[in-house]
Amino acid sequence: MLARSTLSRGPSQLLTRAAPSSRRGLAAAAVSNPFHYSVGESAGIKVASRDDGGPTTALAVVARGGSRYETAPGLAHGLEKFAFKNSRRSALRLQRETELLGGSLGSTLSRENIVLRAKFLRDDLPYFVEALADVLIHTKYNPYEFNEQVSPTMGFEIENLHHTPAALALEAAHNIAFHKGLGSSRLALTNKYLSNKSITEYSKKVYSKDNIAVVASGAPQQDLEKWTAEFFKELPSGTGPVVAPAKYYGGETRVFSPHGDAIVIAFPGSASAPSFKAEYTVLAYLLGGETSIKWNTGMSFLSQAVSEIPHTTAVAKHVAYTDTGLLYVTIEGPGSALTQAGENVVSAFKSLGEVKPEDVKKAIALAKFDALATAEDRSVGLESVGQTVIASGNAPQVESIVKALSGVTVEAVKAAGKKLLESKATFVVVGDTYILPYAEDLGLKV
Amino acid sequence: MTFSSGVALRRAILARPWLHKMMAPIAEKYTDLAGYRQLGLVRDDLIADENETVQEAIKRLPPKVAYDRVYRLRRAVQCSLAHTILPKEEQTKPEGDISYLMPYIEEIERERKEREELDSLTRAK
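What you see is a predicted model, and the numbers here were worked out from it, not measured in a lab.

What follows is about the UniProt feature "domain: Peptidase M16 N-terminal" (unreviewed entry) in chain A. In this numbering, the UniProt entry assigns the feature "domain: Peptidase M16 N-terminal" (unreviewed entry) to residues 46–185 of chain A. Annotation note: span residues 46–185 of chain A, helix share 46%, strand share 19%, distance between end C-alpha atoms 28 Å.

This is the structure:
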């Protein structure tokens, strides 16, 4: 195995290791249920993994430190962008060594979590566990790295956000739906509160033993536990940042943007496992908006609602957080068409009360397919697994999700649909505020 | 020859107490004769900055340190133009002669060297 001692002998050693070894036959692990995550604990850190015996591994460290936990605006974004910068070894060396091993590193930020990810050939597990541990334990947070690399990258992402009306509308929707905490901006809109010092302090709060989970797909549990114990043992213990439970408020806001038009209509949804309500997921698929067949508007409620309006799309999504959720519809298109599209979408919402059983069946089938397809993809589901493992100590199993989806009845969907319209809506328009509609014009209660 | 080669020599001397004892008075005399302390400068102000390495290092200085550096340089230029030296109390004290720039230069040289090494990797048989 590739341990620290091997690395110190120089990168040429790595080159010889870059070729995948054929020691392990792929048929070696004929696992009965390749989707099943086993959960354990090692050195006080929660470790979850599943092993389907495939040749590659996806590894993630999920830290409960997304934007809802930050103590000043933008800290989570700054911390996320500081991942894989100079630590015990330099950022450059880490990058080159990773390339030699044929792996890739990355980090993502959500409202709940900072996720550090690695994808690599299965034999290189120890190297990448150590690489991720180094980020958590040894990152130096140099001020000049912040100025030279971190800050410009953050700037690009902010720029990108401001040029994407739909993303901006969703940000604003979260803000008025949940106010502080969960509603605070995911990205750092200003650098005013950021310095290497404040980021270092936040990192100490977030990167602690009880606040992270190591999740792998395609690695044996005992190996992962062993290497986690070895490389993460210096991580300080701590309970992580505190947060007030999220509360749904709702309301209306309008943001001017010269870069296009979008509307987001959102309603309170369901929290993630264990108090997950599958009918909200089914509701999102029932509303739909994305087509399964090319060059076709699709048959879901929202696709039908905007099918007559050219260049306009309306897509429903459900996003589950640890203690709440949001069911939202994003309507994009030319500003002049959005009033009509919005009216159609609202009447589609109203028709949820008398939904046909076969439509629900179709939505459940689609939801099941997506749940299983996501589970099949190595690197996609790691964050939600980690999030649940940190919160409850158990991994959400795809079997139980599929089972919950199969158990959704037409009545439950109808009831959830009715409840949506009874609750206070969140309504955001971004773009040309002169022509874009108000919530009241569309018949929404805010 | 890099900017930090002198630092390596200094460390080698410091590592040998007998050598350090021998060199210390000579070094004291040398810095005194060099005269930069009379102009209120510190040793790292004398590093030639017309090159990428030192420019990069200056960029990395914390704002206060960078400001003080410019202040010292301007004051020294003023003294030089006026053919004077600073009054005794404004001159740099030996304990105030701190190497504020060299750590950054060393770090940048290390980074450059590492990049060069990694750029010219060859596959071992």
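Next comes the rest of the write-up.
All names here are of chain A. Tracing the backbone through its elements, the reader meets Lys317 in strand S9 (residues 313–320). A residue is classified by how much of its surface remains accessible, and Lys317, at 32% relative accessible area, is partly exposed. Not counting residues within four places of it along the chain, the set of residues in contact with Lys317 comprises Ala284, Glu290, Leu326, Leu327 and Tyr328. A polar contact of 3.3 Å, which involves the side chain of Lys317, links it to the side chain of Glu290.

Moving on: a negative patch on the surface. Residue and element names in this part refer to chain A. Together, Glu252, Glu343, Glu440 and Asp441 give the surface a local cluster of negative charge. Note that Asp441 resides in the segment after strand S11 (426–431). The class of Asp441 is partly exposed, set by a relative accessible area of 47%.

Attention now goes to the domain arrangement of chain A. All names here are of chain A. By domain assignment, chain A separates into domain 1 (38–232) and domain 2 (251–442). Relative to domain 2, the C-alpha centre of domain 1 lies at a distance of 27 Å. Contact with domain 2 buries area across many residues of domain 1, yet Glu112, Pro165 and Ile176 alone supply 16% of it, more than any other trio. In this structure, the connection of domain 1 to domain 2 is made through 3 salt bridges.

All right, on to the packing of aromatic side chains then. All names here are of chain A. A complete count under the given rule lists 7 aromatic pairs over all chains for this structure. Relative to Phe231, the ring of Trp227 has its centre 5.9 Å away and its plane inclined at 15°; by these criteria the two rings are stacked. Of the two residues, Trp227 and Phe231 both sit in helix H9 (residues 221–231), 4 residues apart, roughly one turn of that helix. The exposure classification of Trp227 matches that of Phe231, with both residues buried. An aromatic cluster is present here, built from Phe82, Tyr141 and Phe146 joined pairwise through their rings.

Calculation rules
Residues numbered from 1 in each chain as written. Chains lettered and ligands numbered in written order. Predicted model: local features only at pLDDT ≥ 70, side-chain atom pairs only at ≥ 80, totals over all residues. Heavy atoms only, no water. UniProt positions renumbered as here; feature names shortened; annotations may be inferred. Helix = DSSP H or I, 4+ residues; strand = E, 2+ residues; numbered from the N terminus. Buried < 20%, exposed > 50% of the residue type's maximum accessible area, 1.4 Å probe, protein only. Contact = heavy atoms within 4.5 Å. Polar contact = N/O pair within 3.5 Å; in protein donor to acceptor, adjacent residues only side chain to side chain. Patch = residues over 30% accessible without salt bridge, like charges linked within 9 Å, V, L, I, M, F, W, Y side chains within 5 Å. Areas by Shrake-Rupley, 256 points an atom, 1.4 Å probe, with all protein chains shown as cover. Salt bridge = Lys/Arg side-chain N within 4 Å of Asp/Glu carboxyl O. Lys, Arg positive; Asp, Glu negative; His and termini not counted. Charge placed at Lys NZ, Arg CZ, Asp CG, Glu CD. Domains from an automatic or database assignment. Buried area = accessible area lost by both parts, 1.4 Å probe. Phe/Tyr/Trp six-rings, centres within 6.5 Å; stacked < 30°, edge-to-face > 60°.

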